[in-house]
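# Structural features, examined
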Amino acid sequence: MTFYERYEKCCKERGISPISQFAADKLGCTKSSISAFSKSGKAPQGSIVANAAKMLNVSSDYLLEIIDIPLKPNIDFSEKELKILSDINKLNEETQDCLYAMIQGVLNYKKF
């Protein structure tokens, strides 16, 4: 999924037209700029990515396809923690349950 596809998906979930004057104003660019990066498949410059993340309340790492967790957490996770969460998100539910049980076992181990 490209930057634009993730951006568009988040916009639609929030009732925002991805190529609108409202979005362009929030991103700090023009509607034609948004249209251009939708067609090119490339991510825009950093300030536009940062503004999009702020407007959509998601991580810029999500928009840039670095992680697969869209929502900006209320906690400041380290880069390593975000990568771990992203990897866990790729697992099926049964495997996530197994991993959770393993983590609980480690946390409950008496020497810990």
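Keep in mind that this is a model prediction, so the values were computed, not measured.

Procedures and definitions
- Residues numbered from 1 in each chain as written.
- Predicted model: local features only at pLDDT ≥ 70, side-chain atom pairs only at ≥ 80, totals over all residues.
- Heavy atoms only, no water.
- Salt bridge = Lys/Arg side-chain N within 4 Å of Asp/Glu carboxyl O.
- Helix = DSSP H or I, 4+ residues; strand = E, 2+ residues; numbered from the N terminus.
- Buried < 20%, exposed > 50% of the residue type's maximum accessible area, 1.4 Å probe, protein only.
- Arc of directions from axis to C-beta.
- Contact = heavy atoms within 4.5 Å.

Applying the stated criterion to the full structure yields five salt bridges. Between E8 and K12 there is a salt bridge, and its shortest N-O distance comes to 3.5 Å. A residue pair is termed a helical-turn pair when its members lie 3 or 4 positions apart in one helix, as E8 and K12 do in helix α1 (residues 3-13) at four residues. On the basis of relative accessible area, E8 is assigned to the partly exposed category, the value being 25%. Overall, the relative accessible area of 56% leaves K12 in the exposed class. Linked through salt bridges whose partners overlap, the residues forming this network are K9, E13 and R14.

With that out of the way, let us pick up helix α3 (residues 31-40). Within α3, burial applies to I34, S35 and F37. All buried residues of α3 project into a common sector of 165 degrees when viewed along the axis, lining one side. When the buried face of α3 is taken as reference, the exposed residues oriented beyond 90 degrees from it are S32 and K39. Against α1, α2 (21-27) and α4 (46-56) lie the buried residues of α3.

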